[in-house]
Amino acid sequence: MKRVMKIILLLQMIAAPLTKEPTLPLTELRFTDYASSACTESACELRNPYIGWYQLYGYSLSDDSSYDTSAISEQEYGPGLALLQFNLRNYADSPVSEAGLRQLNDILAAWRSTGRQLIVRFLYDWDGDALEQEPQNLSLILNHMSQTADVINDYSDCVYILQGIFVGAWGEMHSSNYMNAEDMRTLIRHLAAATDPDIFLAVRTPEQWRTVVRNPDPLSPEEAFDGSLAARLGIYNDGMMGSETDMGTYADADAFFSRTGFEKRSRQAELLFQEALCHYVPNGGEAVIANPYNDFSPAVQNLAQTHVSYLNSAYDEAVLSKWKESVYQGGNLFDGMNGYDYISRHMGYRYVLRSSDFSYARPASLFLVLENVGFSGSYRAFDVALTLKRSDSSQEYTFPIQTDTRFWIPGEDIRIETSLEIQELTAGTYEIFLYISDPVSGFPIFLANEESDDAGGCYVGALTINKFP
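Residues numbered from 1 in each chain as written. Predicted model: local features only at pLDDT ≥ 70, side-chain atom pairs only at ≥ 80, totals over all residues. Heavy atoms only, no water.

### So, the overall build of the protein chain
Scanning the protein chain from terminus to terminus reveals 12 helices and 16 strands. Each of the three principal axes of the protein chain carries a C-alpha extent, and together these read 115 × 50 × 45 Å. Expressed as a percentage of contacts within the protein chain between residues at least 6 apart in sequence, the contacts between residues at least 24 apart total 78%. Total accessible area computed for the protein chain in this model is approximately 21,000 Å², and 51% of it derives from carbon and sulfur atoms. Looking at the protein chain, you have 33 positive and 63 negative side-chain charges, and the mean spots of the two groups are 11 Å apart. (Helix = DSSP H or I, 4+ residues; strand = E, 2+ residues; numbered from the N terminus. Contact = heavy atoms within 4.5 Å. Areas by Shrake-Rupley, 256 points an atom, 1.4 Å probe, with all protein chains shown as cover. Lys, Arg positive; Asp, Glu negative; His and termini not counted. Charge placed at Lys NZ, Arg CZ, Asp CG, Glu CD.)

In structure tokens:
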């Protein structure tokens, strides 16, 4: 018996570690295995918020005490854009009445019930006759801004962008008595001060953007989303690709330029300006008047360079028809798709999971690589998380990911590393899903992967954890 004990002690000495640090109990040893998904890109249409084709609806506010909103509320619930124009011509010489403000509230409440994200434009003119329709003094317009802002702010969860400064033909900031630099600055700054800072504003041209923010340069990444007027101010181009100058949006190619940097610039210069600016503020509008500038190939190049995230779904029909008759030929999964559908799938952000990998070091980490293949980024910050679902039970574990999706811009790899506390997990196989969602609207953000499910989750891979007693 003593001989057996000596042998056991000798074996323990041989097996003892050279370090004095205590060894982990065998029950804590874990062996893991990770199998990534195929990360297959999909060409399917994604119904995500804040992007795509918008539908246009016009309302003339008045003292009529009732407004039938049933047709609005009966729409299918879901994400998507609607542009609401509110004509204030009935109040061109007076404040908006309580009845008019109730109408505005009722209409917005009905639209909120549909789940749509709203682009809103207040104006006085639908006939191209703003000089006759607008108030005759600036103070009344400022009062209208304050009155309507009191209502709009209650709907900051669904009002995404306020276009314009109430003046101009069709609300497009031209053909008005108030388009001098001083009045424009007064109006846009009053509107910014009166409205919720989460609501984006927009002016008609890059020249106007530079004028009202007093900056000849676009936003830098450090200035983006800092709450300033410049960081809230996007572009709405309702003459998009309508001519070499986008119907007067840009200067003629041979125009004289002063050294101030605030005046209109040539098409090429303004496209470069928007390319930098609109990484961080929304850009959209209408594609108008069929001509070579909006043929399919140059249109895609224009939309991608200026990071367009929304367009009118009905105007200009001649341009939209031309895109529908075109065929995309890019040597990828979109090959053979008609041009309209190709543009539809790329307006705004479009995220694809490209690869995933797992590190077994402590702490264990998952590495993801995504790509934004859309024309623009997202201008609202989304929530991002990983969910681990045990395949043989209902157990789920969620790990939030710290990242700012507003900087997931096209053309750059999106690399994410997140730690996973797998020591808290029981043994078994876990399917890992990536979830992106909008905390404001509550809608999921679908990824352009074949591995995505109906709830918005994208299958990343499977992690197997084994414990040995």
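Back to the text.
### A word on helix α5 (residues 138–152)
An ideal rise of 1.5 Å per residue puts 21 Å on 15 residues; α5 measures up with 21 Å between its terminal C-alpha atoms. In terms of residue burial, α5 counts as a mostly covered element, since 11 of its 15 residues are buried. Buried residues of α5: L138, L140, I141, L142, H144, M145, Q147, T148, A149, V151 and I152, and no others. Its buried side turned inward, α5 meets α3 (98–112), β4 (117–123), β5 (159–163) and α6 (181–194). (Expected span 1.5 Å × (residues − 1). Buried < 20%, exposed > 50% of the residue type's maximum accessible area, 1.4 Å probe, protein only.)

### Things to note about the pairing of strand β15 (residues 428–437)
Within a regular beta strand, the side chains point alternately toward one face of the sheet and then the other, so they alternate between its two faces. Where strand β12 (residues 383–390) and β15 come together, eight bridges link them in antiparallel fashion. Residue pairing in the sheet places D383 in a bridge with S437 of β15. As defined by bridge partners, β15 adjoins strand β16 (residues 458–467) across seven bridges and the pair is classed as antiparallel. Bridging across to β16, E431 finds its partner in A462. (Pairing = 2+ DSSP bridges.)

### Topic: the environment of W53
One can find W53 in strand β2 (residues 52–60). The class of W53 is buried, set by a relative accessible area of 14%. W53 sits 105 residues away from C158 along the chain, and the two C-alpha atoms are 16 Å apart. Among the polar contacts listed, one links the side chain of W53 to the side chain of S344, at a separation of 2.7 Å. (Polar contact = N/O pair within 3.5 Å; in protein donor to acceptor, adjacent residues only side chain to side chain.)

### Side note on unusual backbone geometry
Backbone torsion omega between Y315 and D316 reads 10 degrees, so that peptide bond is classified as cis. Tracing the backbone shows D316 in the loop between β9 (310–312) and α11 (317–324). For M173, which is not glycine, the phi torsion reads 60 degrees and is therefore positive. You can see M173 is positioned in the loop between β5 and α6. Phi is positive for S175, close to 55 degrees, though the residue is something other than glycine. Within the secondary structure, S175 sits in the loop between β5 and α6.

### A few points about the pattern of salt bridges
Inspection of the entire model under this criterion finds 11 salt bridges. Here R354 makes a salt bridge to E371, at a shortest N to O gap of 2.8 Å. In this pair, R354 is assigned in strand β10 (residues 351–359) and E371 in strand β11 (residues 364–372), connecting sequence segments 17 residues apart. Here E371 falls in the partly exposed class, since its relative accessible area comes to 26%. Ionic contacts of the salt-bridge type, sharing partners, join the residues E41, R354 and E371 into one network. (Salt bridge = Lys/Arg side-chain N within 4 Å of Asp/Glu carboxyl O.)

### Describing the packing of helix α7 (residues 206–213) against helix α9 (residues 267–277)
When two helices pack together, their arrangement is given by the angle between their axes and by how far apart the axes lie. Interhelical geometry of α7 versus α9 gives an angle of 60 degrees and a closest axis separation of 10 Å. Between α7 and α9, the interaxial angle falls into the category oblique. The residues of α9 that touch α7, namely those facing P206, E207, W209 and R210, are E270, F273, Q274 and L277. Here the residues of the contact of α7 with α9 sort into four nonpolar, one polar and three charged. (Axes fitted to C-alpha atoms, helices over the stretch in contact; angles between N-to-C directions. Parallel < 35°, antiparallel > 145°, perpendicular 65-115°, else oblique. Nonpolar A, V, L, I, M, F, W, Y, C, P; charged D, E, K, R; others polar.)

### Observations regarding the pairing of β2
Note that β2 and β9 share three bridges and pair parallel. Pairing of Y54 across the sheet is with N312, part of β9. Note that β2 and strand β3 (residues 81–87) share seven bridges and pair parallel. When the bridges of β3 are listed, Y54 appears paired with L81.

### What to know about a negative patch on the surface
A surface patch of negative charge is lined by D217, E222, E223 and D226. Along the polypeptide, E222 turns up in the loop between α7 and α8 (229–232). Looking at E222, the relative accessible area reads 66%, which means it is exposed. (Patch = residues over 30% accessible without salt bridge, like charges linked within 9 Å, V, L, I, M, F, W, Y side chains within 5 Å.)

### Here we look at the environment of S94
Tracing the backbone shows S94 in the loop between β3 and α3. By relative accessible area, S94 is classed as partly exposed at 24%. As for S94 and P135, which are separated by 41 residues in sequence, their C-alpha atoms are 8.6 Å apart. With residues up to four places along the chain from it excluded, the contact list for S94 reads L140 and H144.

### Describing the nonpolar core
Generally speaking, soluble globular proteins have nonpolar side chains that are buried together. Formed by 103 residues in total, the largest nonpolar core has its most connected members in F86, L108 and W209. Those residues in contact with L108, other than ones at most four positions away along the chain, are L84, F86, L118, V151, I152, Y155 and V159. M240, L303, W323 and M347 belong to the second largest nonpolar core, which has 22 residues in total. (Core = buried A, V, L, I, M, F, W, Y, C linked by side-chain atoms within 4.5 Å.)

### Focus on the sheet that holds strand β6 (residues 200–203)
Spatial ordering of the closed barrel is given by β2-β3-β4-β5-β6-β7-β8-β9, a layout of eight strands whose pairing is parallel. The sheet shows a mean angle of 30 degrees between the axes of neighbouring strands, direction not considered. When strand β8 (residues 283–287) meets β9, the two strands line up parallel, connected through two bridges. Bridging from a neighbouring strand, G285 pairs with L311 of β9. Each of β5, β6 and β7 (233–240) is contacted by α6, which is oriented at about 165 degrees to β6, the strand it contacts most. In the packing of α7 onto the sheet, the strands contacted are β6 and β7, and the crossing angle to β7 comes to about 155 degrees.

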